[in-house]
Amino acid sequence: MKEIWRQATGIDTTRASERTRQLNAVAEAESARKTLALPAILSPMHFPGKHIPKPTSANLRRFAETPLVRRAINVIKDRIAAMDWQVRLKRGVKAEDVTFLPRKLRALRRMLDEPNQVDSFRTLMEQAIEDALTGGFGAIEMESTGDPERPAMMWAVDGASIRINARWDGSEDVPRYAQAVPGQLESSAIELRDNQLMYIRMNPRSFTPFGLGPLEVAFETVNQFLSAHRFAGKLAANSVAQYALWLNEATPTQHDRLIRWWQDEIEGTGRVPLISTEQKPEVLRFAQGTDADLRLAWQEFLIRMVANAFGLPPLMLGLEADVNQSTASEMADEAFRGAISPLAILFGQHITRDLFAKCIGWPEFEFAFNELTARDETTELAVQVQLLQAGVLTVNEVRAMRGMAPIEQVKEQGQGNSE
């Protein structure tokens with residue numbers, strides 16, 4: 001058949017196909033990446049394994065249970081987990097171009113409301129946000145079900161047990177992640193593809209596949225704060241004596257008699273001790289005996305450093321000095337814009353890209369929180385009313401910003417219910 005075709009057309013199919021393969025090979029070579037990913041890890045002087053573990057997870061989680069760090073984590077985590085959210089079409093996607101749009105929206109909403117048999121959306125997000133703030137390794141496993149009413153299921157994963165394939169080339173068939181418990185061989189790790197795991201990295205960097213969590217930044221500061229706090233606690237409880245009684249020219253016998261008399265008659269009784277000696281005893285103080293001995297100013301400085309690591313004002317961690325009504329409002333807005341809103345947007349983008357596009361295959365939808373534009377409901381309402389009056393926004397656009405369905409869809413549902 002090739003010979004007949006060549007004689008009829010005068011074209012050598014073998015040479016043509018070979019030429020096509022050469023052109024495709026040249027195109028792939030030109031579009032391939034030329035730079036080296038993670039050169040600090042894959043350098044000639046270092047030979048890591050295929051999967052790289054995240055370090056110091058045990059100490060990070062132990063510090064996350066202390067009151068100061070727990071307060072910082074809860075300020076961010078609880079605010080994001082309690083936000084209202086919605087699933088909507090992406091910008092530029094028309095509703096008439098998406099088949100079965102209402103059914104897909106209901107399916108995505110149900111999938112997020114009931115991610116698995118145990119968790120709700122809030123409990124699932126709280127676990128991932130906790131790991132992201134602690135070590136920068138928030139992880140959620142995603143598995144497609146094939147059910148149009150519930151297209152996927154999700155489970156929270158211990159981010160510290162996730163190993164990252166530093167040599168992943170972007171292929172869908174090559175595992176990008178693996179889960180391995182401490183002491184487990186790399187060959188027995190559970191491999192996961194890119195569309196099976198949502199891995200949230202905070203502060204991503206080019207020289208490492210891992211992110212950098214706020215608690216990792218404040219690790220040394222938290223350690224110093226705990227040491228100073230323990231010292232102050234012992235000092236305040238009088239378990240460490242900060243003074244001594246000096247008796248000049250006392251014999252060993254007199255010294256022992258004084259100690260026994262003080263322990264038996266004076267200590268713990270509240271009596272006034274009477275001492276008659278030739279020379280007045282002298283009290284030697286090892287400290288000032290004031291609050292300065294507790295290092296309160298040093299502890300306050302460390303609290304400010306922890307707040308800076310989490311992007312929060314010190315007010316959120318209990319430092320209320322020099323705070324009035326106006327400054328407190330500004331600090332609350334700063335905490336929302338600097339710590340809460342960026343992390344919420346990061347999680348929304350991961351849900352949109354990893355869950356909707358990669359796992360399910362519905363890239364026309366996106367996940368969004370409804371409370372990221374303004375903290376004050378009155379201010380947000382006033383801005384939306386002004387935009388409506390100026391013709392900048394339509395009523396349906398404002399309803400979409402508030403997570404409400406368009407008016408046409410509401411009318412159709414009302415007609416269906418009346419029928």
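Engineer: Any details on the overall build of the chain? Residues and values, ideally.
Structural biologist: Summing up its helical and strand segments, the chain has 14 helices and 11 strands in all. Burial statistics for the chain: of 419 residues in total, 34% are counted as buried. Put simply, 67% of the contacts in the chain that link residues at least 6 apart link residues at least 24 apart. Approximately 25,900 Å² of the chain is accessible, and the part contributed by carbon and sulfur atoms is 53%.

Engineer: Residues and numbers for the environment of Phe231, please.
Structural biologist: Within the fold, Phe231 resides in helix α8 (residues 219–236). Each C-alpha atom of the pair Phe231 and Leu294 lies 7.5 Å from the other, and the pair is 63 residues apart in sequence.

Engineer: Any details on the sheet that holds strand β4 (residues 150–157)? Residues and values, ideally.
Structural biologist: The 3 strands lie next to each other as β4-β3-β8, forming an open sheet whose pairing is antiparallel. The open sheet has two edge strands with one neighbour each: β4 and β8 (197–200). Direction aside, the axes of adjacent strands within the sheet are offset by 25° on average. Two strands pair when backbone bridges link them, and strand β3 (residues 138–147) and β8 are joined in this way by 4 bridges, in the antiparallel orientation. The residue bridging Gly138 from the neighbouring strand is Ile200, located in β8. Lying on the sheet, helix α6 (residues 121–135) is in contact with β3, β4 and β8; it crosses β3 at an angle near 145°.

Engineer: Would you mind going over the nonpolar core in detail, with residue names and values included?
Structural biologist: Among the nonpolar cores identified, the biggest contains 64 residues, and Leu112, Phe310, Leu312, Ile351, Leu355 and Phe356 are the most heavily contacted of them. With 11 residues, the next largest nonpolar core counts Phe137, Ala160, Ile162 and Leu197 among its residues.

Engineer: So what's going on with the packing of α8 against helix α10 (residues 296–310)? Which residues, and what values?
Structural biologist: In a pair of packed helices, the angle between the axes and the distance between the axes together describe the arrangement. Interaxial distance between α8 and α10 falls to 9 Å at its minimum, and their mutual angle equals 155°. With respect to α10, the element α8 is oriented roughly antiparallel. Pair α8 / α10 crosses with left-handed handedness. Two secondary-structure elements touch here, α8 through Thr221, Val222, Gln224, Phe225, Ala228, His229 and Ala232 and α10 through Trp298, Gln299, Leu302, Ile303, Met305 and Val306.

Engineer: Tell me about α10, and name the residues and values.
Structural biologist: Under the 1.5 Å per step criterion, the end-to-end length of α10 is 21 Å for 15 residues, consistent within 8% with the ideal 21 Å. Downstream of α10 by a residue or two, Gly311 has a phi angle that is positive, lying close to 75°.

Engineer: Can you lay out the packing of aromatic side chains for me, pointing to particular residues and giving the numbers?
Structural biologist: Evaluation of the coordinates by the stated rule reveals 9 aromatic pairs. Taking 6.2 Å as the distance between ring centres and 55° as the angle between the ring planes, the aromatic pair formed by Trp362 and Phe365 counts as tilted. Of the residues examined, Phe365 reaches a relative accessible area of 0% and is grouped as buried. Ring pairs connect the aromatic residues Trp85, Phe121, Phe367 and Phe369, which therefore count as one cluster. Directly above the ring of Trp362 sits Lys104, whose terminal nitrogen or CZ lies 5.2 Å from the centroid. Sitting above the plane of the Trp85 ring, Arg109 keeps its charged end 3.8 Å from the centroid.

Engineer: Which residues make up the pairing of β4, and what values go with them?
Structural biologist: The element β4 is largely enclosed, with a buried count of 6 among its 8 residues. Across 7 bridges, the pairing between β3 and β4 is antiparallel. Bridge pairing links Glu143 to Met153 in β4. Remark: 2 residues form the turn of the hairpin made by β3 and β4, two consecutive strands paired antiparallel.

Engineer: I'd like to hear about the confidence of the model for the chain, residue by residue, with values.
Structural biologist: Summary statistics for the chain give a mean pLDDT of 82 and a share of 80% for residues scoring 70 or more. Mean pLDDT values over the elements of the chain span from 57, in helix α2 (residues 13–31), up to 96, in β8. Note on residues 43–49: pLDDT under 50 across the span, and 6 contacts to partners over four residues away in sequence or across chains.

Engineer: Report on the packing of helix α4 (residues 67–81) against α10, specifying residues and quantitative values.
Structural biologist: Where α4 meets α10, the closest approach of the two axes is 11 Å, and the angle between their N-to-C directions is 30°. Relative to α10, the element α4 is oriented roughly parallel. Every pair of crossing elements has a handedness; the one defined by α4 and α10 is right-handed. Facing Leu68, Val69, Ala72, Ile73 and Ile76 of α4, the residues of α10 in contact are Ile303, Val306 and Phe310. Grouping the amino acids of the contact of α4 with α10 by side-chain chemistry returns 8 nonpolar, no polar and no charged.

Engineer: Lay out α4 with the relevant residues and their values.
Structural biologist: Taking 1.5 Å per residue as the helical rise, α4 with its 15 residues ought to reach 21 Å, and the 20 Å between its terminal C-alpha atoms agrees with that figure. Its maximal kink placed at Asn74, α4 deviates by approximately 25°. The complete set of buried residues in α4 reads Leu68, Val69, Ala72, Ile73, Val75, Ile76, Lys77, Ile80 and Ala81.

Engineer: Before we move on, can you summarise the pattern of salt bridges with the specific residues and values?
Structural biologist: In this structure the tally under the stated criterion is 15 salt bridges. Ionic pairing is found between Asp158 and Arg61, a salt bridge with its closest N-O pair at 2.6 Å. One end of the pair, Asp158, is in the loop between β4 and β5 (162–165); the other, Arg61, is in helix α3 (residues 57–63), with 97 residues separating them in the sequence. Judged by its relative accessible area of 34%, Asp158 falls in the partly exposed class. Its salt-bridge partner being Lys77, residue Glu130 comes within 3.6 Å of it at the nearest N-O pair.

Engineer: Explain the environment of Ala357 residue by residue, including any values.
Structural biologist: Here Ala357 is to be found in helix α11 (residues 325–360). Among the residues examined, Ala357 registers a relative accessible area of 28% and is labelled partly exposed. Remark: the alpha-carbon pair of Ala357 and Asn195, spanning 162 residues in sequence, is separated by 8.9 Å. Ignoring sequence-local partners within four residues, the contact set of Ala357 consists of Thr352, Trp362 and Pro363.

Cut-offs applied
Residues numbered from 1 in each chain as written. Predicted model: local features only at pLDDT ≥ 70, side-chain atom pairs only at ≥ 80, totals over all residues. Heavy atoms only, no water. Helix = DSSP H or I, 4+ residues; strand = E, 2+ residues; numbered from the N terminus. Buried < 20%, exposed > 50% of the residue type's maximum accessible area, 1.4 Å probe, protein only. Contact = heavy atoms within 4.5 Å. Areas by Shrake-Rupley, 256 points an atom, 1.4 Å probe, with all protein chains shown as cover. Pairing = 2+ DSSP bridges. Axes fitted to C-alpha atoms, helices over the stretch in contact; angles between N-to-C directions. Core = buried A, V, L, I, M, F, W, Y, C linked by side-chain atoms within 4.5 Å. Parallel < 35°, antiparallel > 145°, perpendicular 65-115°, else oblique. Left-handed = near helix turned anticlockwise from the far one by under 90°. Expected span 1.5 Å × (residues − 1). Phe/Tyr/Trp six-rings, centres within 6.5 Å; stacked < 30°, edge-to-face > 60°. Lys NZ or Arg CZ within 6 Å of the ring centre and 35° of its normal. pLDDT = per-residue confidence, 0-100. Nonpolar A, V, L, I, M, F, W, Y, C, P; charged D, E, K, R; others polar. Bend = angle between axes of the 7 residues up to and from the residue. Salt bridge = Lys/Arg side-chain N within 4 Å of Asp/Glu carboxyl O.

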